[in-house]
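Each chain, written out:
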Amino acid sequence: MKVYDVVPGLEFDPERDLAQSPAWFLDGTHSVPPWTPMFGWFWINFCRHGMQYGAEKLSLPTVKGWDWRFHNGGGYLTLLLVKSEEEKQRREEKFKRAILPLIQDYDGIWNGFVKEILGRYEELKRLDLDTATNVELLDNFEQTINTCRRMWEIHMYMMYGTYTAYILFENMCRELAGIDDTSPLFHNIVSGFDNKVFQVDKRLWEFSRRAVSDGLAPVFTDSEAPDIKGKLLTSDNGRVFMKDFNEFMNEDGWRMQRMSEINLPTWVEDPTPALGMVKQFILKGGSFNLDEERQKRSSDRQAAEKEVLAKVPVEQRGWFEQLMRLAQKSGIFSEEHDHYLDLYTHAMMRRSALGLGKRFVQAGALDNQEDVFFLIPDEIRRAGINPDQFDLRYIVERRRNDWLEWQKTPNPPAVLAEGFDLDQAMGVLVKSNDPIALKVVVGSMPQVRPELKADLYGSCGSPGVAEGIARVILNEDELHLVKEKDILVAASTSPSWTPVFSMISGVVVDRGASLSHAAIVGREYGIPVVMNVFEGTTKIKSGQRIKVDANLGTVYILDK
Amino acid sequence: MPEKWIYWFDEVSTTDNDLVGKKCANLGEMTRLGMRVPPGFAISVDGYERFMAESGAGEEIRRYVSDKADLLQTVNGQIEVGRVIRKFIESKPLPEMMKEELFSYYDELCRRSGLEDMAVAVRSSGAVSMPGQMETYLNVKGKEEVARKVIQVWGSAFTTRAIAFRIENNMVMEKAPIGVAVLKMVNAKCAGVCLTVLPTTGDTSKIVVEGNWGLGESVVSGEITPDQFIVDKACGDFQCSIGKKTKMVCYGPLGTRVADVPTEVQTQPCLTPDELEEICRIAKNVEAHFNAPQDTEWVVDSDLPFPENIFWVQTRPAKYAKKKADDAEYLADLMARIFKM
């Protein structure tokens, strides 16, 4: 019985693919734990498409985006390098014209994209999945595929352009002002801004205040998160609260706990995670500390801007300041795009696929609605209009078995051609000058300084010093274990982790660069973040007392 | 010829350029824009014409130059002719009728300011750009002295360069489209310039204010390092570099003199934040009115209370380096370079 590849045309084939490129890297941030087949199909196809589209639209001089392969639920990537000097020059000339609109009207372009993509989501949501015909459901799914494709085009065009500006700003700060991206002064310049993710967190905080004033606080504090909704619905007050809360979820709840997967409920389907955050805000009490923090950040930022501008020769300040404004938008974009692009699109994928899944179950093609995530679009098309004619369960069965296998053995972090080592591979990444590879994947390598006698060395993502109890969190499900004043230790963080930043006193992450989530959010909350320690989650145990000094990039385990 | 040849500043505006000359028309326009201009009046080009006619100086000049065509072809000849003509003019008293009128305006100006024999500045105000018409007399006191300086300003229309200009442009020798501004001397605590653009970069998002203790001449001449404030137009934040101001220009018994700045205030900023803010506020308004970056001169009076102590004596379109081709294109170039590292 033939079962198709998960991502036809883009399955990893060691023999051929290592001949094409000697180094393939696992995308550990997004594809650990391994993806469901459907999500993998979407990501490999369209993230790949978006990166090549963005690199081509901007005509990046040295790199044509990334190539991606699917291997056992993992995404493997390599760079598509421009081969000849002559082509580099041609691309460079075009690049100078192509990047201009982003320099001149960054906000106009980004806001236009946000409007476009939100319009597409509204269009998709208009279909009532329960009453739609099979033809309409299939059409909705096809439109979702197109939306995902378009989302990645916007995503990568913006990301390449934004990060290019950011890297130039870092270089210019080094050249003209003598500060680099691990310097606290630099961090002060790029923080102190509001963004959509913070606004959503603030809404959650406002609901926590309302719960208190409506006398509903005990419902939250006395129950576990999954029971809160049920208990609220037993009182008039609670029902009104839930009605407004659902409305808020319908606006901003199109996201899932894991950013790059679709097999967990969205907040719209199940507001438990969101209600859990309201509960945490109630327990914590006080004001929304991000507001106060932002005011402080904002005045720190203005002082830092002045300090840096004063170091720049007067006749260079014009363009330098314009560049600084662009770089400051990088942090905002880095956070906001997760909300408007990845999270929302993935929620739309889940919604549309579940609509079909339900119909497939009714027609007997599947046993469970969620089994649809073990199918890929070609298989869905097979049964889309006439699900009663097909049995897809054999595909699901085999794929699920594969998927369960993938969970047992971690994918290797890199697959390298014989005679090619990881250092050489990293060298290729750096030499590509690919802005995304540099800013998100590679980061600055930690400097080991034995005289500091630290247990771990990393780089500064957000300045400051803190001491507290370590809380090692390996996935989002464990976030509720985080307590006030803890120091969060993780492999990396994503936007759904943002709310805990209001409670913790510091962060240690295994990987990351200055535009990684942990660094950006850490700076907004004014807490120290040490990144790129590589072995934080393996060396530090939950409950240990640790001290982080982000200014020096060190972590000390105090009770070994 | 119209009877009226003296106007209060608020009676004229930029449309009266040909009547009272650029400086006066500009001062008139400034009063209309809400810029506090030192009180004073404008003597129109008709005043000059009338003086030349009634005093006989015009006729004398005509006769004198009628056979000097050859002499005027040489530089030495131009120097000689200019010297003679200025002597003709400066030797003539102001005709009685004109004197009465001028004195009545000066008396009224003194009365309005509540000062006797008030110190004024007497400045030339050319209606066309003509080199050499730059004569300015500061700290002029008393009506007879004012009359004398007005005549000297008229005479300044016959500097060597101005004569050369007339010959090159085939202009009649005794004609000079020159007005005169007579305005109260501000008892300057400090003074300086304010540009609503960074002249070196063409950055129009900034204002640069430079100032020194005393009169503004020391700042304009560039002989000392003044205080410099660079102000962001949008948020009002500013960066300042405070110069060590060792010298300043102040009034002498007559005219002006250079004086030492007391050591204890040499490194003190000459403007308070309030004064700086007010100067920038008004400069921005003026820039918006003319829709072009402005080059202005301001004086802060040491006797009057804030904000009545801020006076303006000049605004004109600023000269500045055009913005580097385009900052955006420059940035695009720089961005291309990061792919080569």
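These numbers were taken from a predicted model, which means no experiment stands behind them. (Residues numbered from 1 in each chain as written. Chains lettered and ligands numbered in written order. Predicted model: local features only at pLDDT ≥ 70, side-chain atom pairs only at ≥ 80, totals over all residues.)

### As for the overall build of chain A
The secondary structure content of chain A amounts to 21 helices and 12 strands. A buried classification covers 51% of the 560 residues belonging to chain A. Pairs at least 24 residues apart make up 69% of the contacts formed inside chain A by residues separated by at least 6 positions. (Helix = DSSP H or I, 4+ residues; strand = E, 2+ residues; numbered from the N terminus. Buried ≥ 20, exposed ≤ 12 C-beta atoms within 10 Å, placed from the backbone. Contact = placed C-beta atoms within 7 Å.)

### Focus on the interface of chain B and chain A
Facing 21 residues of chain B, the contacting portion of chain A comprises 26 residues. The leading source of residues in the side of chain B that touches chain A is helix α11 (residues 327-337) of chain B, at 10 residues. Of the residues contributing to the side of chain B that touches chain A, the split by class is 11 nonpolar, 3 polar and 7 charged. (Nonpolar A, V, L, I, M, F, W, Y, C, P; charged D, E, K, R; others polar.)

### What to know about the environment of K306 of chain A
Within the secondary structure, K306 of chain A sits in helix α14 (residues 289-311). Expressed as a C-alpha distance, the spacing of K306 of chain A and I189 of chain A, which sit 117 residues apart in the sequence, is 9.5 Å. Excluding residues within four positions of it along the chain, K306 of chain A makes contact with D237 and Q239 of chain B.

### With respect to the environment of G216 of chain B
Residues and elements named next belong to chain B. Within the secondary structure, G216 sits in the loop between β7 (206-213) and α8 (217-221). Considering only alpha carbons, one finds G216 and A191, 25 residues apart in sequence, at a separation of 4.5 Å. Beyond its immediate stretch of four places on either side in the chain, G216 contacts A191, G192, E297 and V299.

### Description of the nonpolar core
Residues and elements named next belong to chain A. V278, L323, I487 and V508 are the most contacted members of the largest nonpolar core, which totals 168 residues. A total of 20 residues in this core trace back to one element, the largest contributor, which is helix α7 (residues 134-177). The contact partners of I487, leaving out residues within four places of it in the chain, are A466, G468, I469, A470, R471, I504, S505, G506, V507, V508, I546 and V548. (Core = buried A, V, L, I, M, F, W, Y, C linked by C-beta atoms within 7 Å.)

### Quick look at the confidence of the model for chain B
Caution is warranted with low-pLDDT regions, since their predicted coordinates should not be read in detail. The share of residues in chain B with pLDDT of 70 or more is 96%, and the mean pLDDT across the chain is 87. Predicted complex metrics record ipTM = 0.85 and pTM = 0.66. (pLDDT = per-residue confidence, 0-100.)

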